Amino acid sequence: QVQVIESGGGVVQAGDSLRLSCAASRGIFYNLAVGWFRQAPGKERELVSSINWNTGTTYYRDSVKARFTISRDNVKATVYLQMNSRKPKDTAVYYCASTGQGLQSAPNKYANWGQGTKVHVPS
């Protein structure tokens, strides 16, 4: 199993850039898809973006396309989520997890969740 630690959250102005990190503290992401999810208060957890560790293939939900960029660093065993042009609706706790299934798998198909990192975008 892979254990992860998320970091990089904070409070910044809408439209500014922010990069979240998902580092494998135990294990590796080989043969896995790594996903960034978010959960706002009173809302269900939703998939934001994901990446296939081996191939680099990516997925983005429609609401973040052209604004967020997911990437990986093989040496550091880390997946990043670059968040540009953020909007208040992006405010949520962001979680990292992995799955042996497809990039667009539902949250219940992902496992080894991190503790999350809070992102707040003021109105």
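That block above? That's the structure.
As the structure is a computational prediction, the values presented were derived from the model and not from experiment. (Residues numbered from 1 in each chain as written. Predicted model: local features only at pLDDT ≥ 70, side-chain atom pairs only at ≥ 80, totals over all residues. Heavy atoms only, no water.)

J.: Is there a simple way to think about the sheet that holds strand E7 (residues 68-73) in this case?
T.: Neighbouring strands of a sheet are bound in pairs by backbone hydrogen bonds; such pairs are parallel or else antiparallel. Read across the sheet, four strands follow the order E1-E3-E8-E7 without closing on themselves; strand pairing throughout is antiparallel. Taken across any chain shown, the strands that pair with only one partner, and hence form the sheet edges, are strand E1 (3-7) and E7. Looking at each pair of strands side by side, their axes are set apart by 20° on average, direction ignored. As defined by bridge partners, strand E3 (residues 18-26) adjoins strand E8 (residues 78-83) across six bridges and the pair is classed as antiparallel. Paired with Cys22 across the bridge in E8 is Val79. (Pairing = 2+ DSSP bridges. Helix = DSSP H or I, 4+ residues; strand = E, 2+ residues; numbered from the N terminus. Axes fitted to C-alpha atoms, helices over the stretch in contact; angles between N-to-C directions.)

J.: What am I meant to see in the sheet that holds strand E5 (residues 46-52) here?
T.: Read from one edge of the open sheet, six strands run E2-E10-E9-E4-E5-E6, paired in mixed fashion. Bordering the open sheet on either side are strand E2 (10-11) and strand E6 (58-60), each of which pairs with just one other strand.

This is a description of form; function is not addressed.
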